[in-house]
Amino acid sequence: MVIAAFITGTNPTLEEVSDVKTAVSEAVTNSIIHGYRDKEGKVVINATVTGRKVYVEVIDYGNGIEDVKKAMEPMYTTRPDEERSGMGFSFMEAFMDKLEVVSKPKEGTTVKMWKEIGAAGRQFE
């Protein structure tokens with residue numbers, strides 16, 4: 001909800017607000033479920049708006065990802081025991097214009113996402 005309020009200055013459509021909220025929610029959920037598993041930890045969200053361009057990063061200092069490319073494959077999950085769908089990164093990619101994941105095992109993960117409000121169908125640069 002904070003991100004939704006944060007981007008209101010860009011005059012987003014309801015669909016664009018929903019897209020950004022969904023992508024951020026997926027990133028935060030991944031941080032909690034996969035980054036920290038069953039322990040406590042901090043999830044940091046940084047966001048900037050420049051004109052109509054929105055940049056959001058979600059950072060955890062948890063387990064990190066061994067193989068980012070593999071983790072980003074649709075249906076891949078490290079938590080099948082919890083009935084995870086393995087679609088988190090796929091949703092983030094679908095709802096945002098650009099997605100980048102930087103991770104180091106045992107150090108954490110940063111998910112970087114960009115979206116240009118009002119760009120419907122254009123490639124983010």
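Shown above is the structure to which this text applies.
Cut-off values and rules
Residues numbered from 1 in each chain as written. Predicted model: local features only at pLDDT ≥ 70, side-chain atom pairs only at ≥ 80, totals over all residues. Heavy atoms only, no water. Helix = DSSP H or I, 4+ residues; strand = E, 2+ residues; numbered from the N terminus. Buried < 20%, exposed > 50% of the residue type's maximum accessible area, 1.4 Å probe, protein only. Contact = heavy atoms within 4.5 Å. Areas by Shrake-Rupley, 256 points an atom, 1.4 Å probe, with all protein chains shown as cover.

Draft legend 1. Geometry of the overall build of the protein. If you tally the helices and strands in the protein, you get 4 helices and 4 strands. Starting at the N terminus and walking to the C terminus, you meet the elements of the protein as α-α-β-β-α-α-β-β. A total of 125 residues make up the protein; the buried ones form 42% of that total. Put simply, of all contacts in the protein between residues at least 6 apart along the chain, 59% involve residues at least 24 apart. Of the roughly 7,500 Å² that the protein leaves accessible, carbon and sulfur atoms contribute 51%.

Draft legend 2. The arrangement of the environment of Asn 63 in detail. Here Asn 63 lies in the loop between β2 (53-60) and α3 (68-71). Since its relative accessible area comes to 27%, Asn 63 is described here as partly exposed. Measuring from C-alpha to C-alpha, the distance between Asn 63 and Ser 103 comes to 9.1 Å, with 40 residues separating the pair along the chain. What Asn 63 contacts, discounting residues up to four positions off in sequence, is His 34, Gly 35, Tyr 36, Arg 37, Lys 39, Lys 104, Pro 105, Lys 106 and Glu 107.

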